[in-house]
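Listed below are the residues making up each chain.
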Amino acid sequence: MLWQKKIDNEYGIKELDEYDYPALKRYCIECNLEGMVNNSSFDELNISSIHGDSGQYLCTYHISSGTIVNVCATQHLPIQLDCWGKDKVYECYRIGVRNGTLKDWRQEFVKGLSWIPNLSLNHIYPIQIRWALMKGAKKIIVTTNNKGVDSSGKMFKVDKIMSILAKKKCFYHIVSDINIFGASQNVWELNMEYWKNKI
């Protein structure tokens, strides 16, 4: 496999392609059993629409077992936000989309705050940021559910973690309660000063 990054020679991160589909199917079955609805099927992951210029999925493998333990996407999302200027639409990309790690593997990434910022901040997000910038991104954001239906079962926790990361200046909280894809979400913009030496 062509790894974009290897972690301690135990884990490898690569762009998802059709050769990964058998392992991805097993991952989705596990997500369904664990209640991670947004990652429970190819349809829920929007595999057919997040590819090519519209986005990119990364998958993290436990190399020796051939198990996908995490998937996470970058999505092209041109968007207008008043905080960026009225009636101005930026070439924007959203990272951290459908970010989900199987429960049995989360302890492998525990350092500092929790498994989510460790795996994402140190390994996945730098790859996604580089890809988005290569595609011409002018703005890079993360969105998190903050009210109403949370079909992933995890986004409220992620929203709290993003608040902590904002205090560390990794991201800026720029918008609350905006409707994106039918869900009320908070929007967090990348702080490039924090990331420029990490990508």
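Now for a quick tour of the structure. (Residues numbered from 1 in each chain as written. Predicted model: local features only at pLDDT ≥ 70, side-chain atom pairs only at ≥ 80, totals over all residues. Heavy atoms only, no water.)

## A closer look at the overall build of the protein chain
Heads up, the rule is: Helix and strand labels come from DSSP, where a helix needs a run of H or I of at least four residues and a strand needs a run of E of at least two; each type is numbered from the N terminus. Exposure was quantified through the Shrake-Rupley algorithm and a 1.4 Å probe, taking into account, for residues, occlusion by the shown protein chains and nothing else.
A count of helical and extended segments in the protein chain gives 6 helices and 10 strands. As presented, the protein chain carries roughly 10,100 Å² of accessible surface, and 50% of it is formed by carbon and sulfur atoms.

## A look at the environment of C170
Put simply, the rule is: Whether two residues touch is decided by their heavy atoms; if any such pair falls within 4.5 Å, the residues are in contact.
You can see C170 is positioned in the loop between α5 (155–167) and β9 (171–180). Each C-alpha atom, one on C170 and one on L121, is 9.0 Å from the other, the two residues being 49 residues apart in sequence. Beyond its immediate stretch of four places on either side in the chain, C170 contacts L165, L190, N191, Y194 and W195.

## A closer look at the pattern of salt bridges
As a reminder of what qualifies: Here a salt bridge means any side-chain nitrogen of Lys or Arg lying within 4 Å of a carboxyl oxygen belonging to Asp or Glu. Burial classes follow relative accessibility: with a 1.4 Å probe on protein chains only, a residue under 20% of its type's maximum area counts as buried, one over 50% as exposed, and anything between as partly exposed.
Tallying each qualifying case throughout the model produces 5 salt bridges. For the salt bridge of K135 with D53, the shortest nitrogen-to-oxygen distance reads 2.9 Å. Here D53 lies in the loop between α2 (42–45) and β3 (55–62) and K135 lies in the loop between α4 (115–134) and β8 (139–145), a separation of 82 residues in the sequence. In this structure K135 comes out as partly exposed when scored by relative accessible area, which is 30%. Owing to a relative accessible area of 57%, D53 belongs among the exposed residues under this scheme. Here E193 ties to K196 by a salt bridge, and the two come within 2.9 Å at their closest N and O atoms. Judged by its relative accessible area of 55%, E193 falls in the exposed class. Residue class for K196 comes out partly exposed when judged on its relative accessible area of 44%.

## Description of the packing of aromatic side chains
Here is the rule: Here a Phe, Tyr or Trp ring, Trp counted by its six-membered ring, pairs with any other such ring whose centre lies within 6.5 Å, and the pair is stacked when the planes are under 30 degrees apart, edge-to-face when over 60, and tilted otherwise. Charge-over-ring placement is defined geometrically: NZ (Lys) or CZ (Arg) within 6 Å of the ring centre, and within 35 degrees of the ring normal.
Taken as a whole, this structure holds 8 aromatic pairs when the rule is applied. With 5.9 Å between their ring centres and 85° between their planes, Y93 and W131 make a pair best called edge-to-face. One end of the pair, Y93, is in strand β7 (residues 92–101); the other, W131, is in helix α4, and 38 residues separate them in sequence. The burial state of Y93 is the same as that of W131; both residues are buried. Here the aromatic cluster, defined as three or more aromatic residues joined through ring pairs, consists of Y125, F171, Y194 and W195. K198 extends its terminal NZ or CZ atom over the ring of Y194, reaching a point 4.8 Å from the ring centre.

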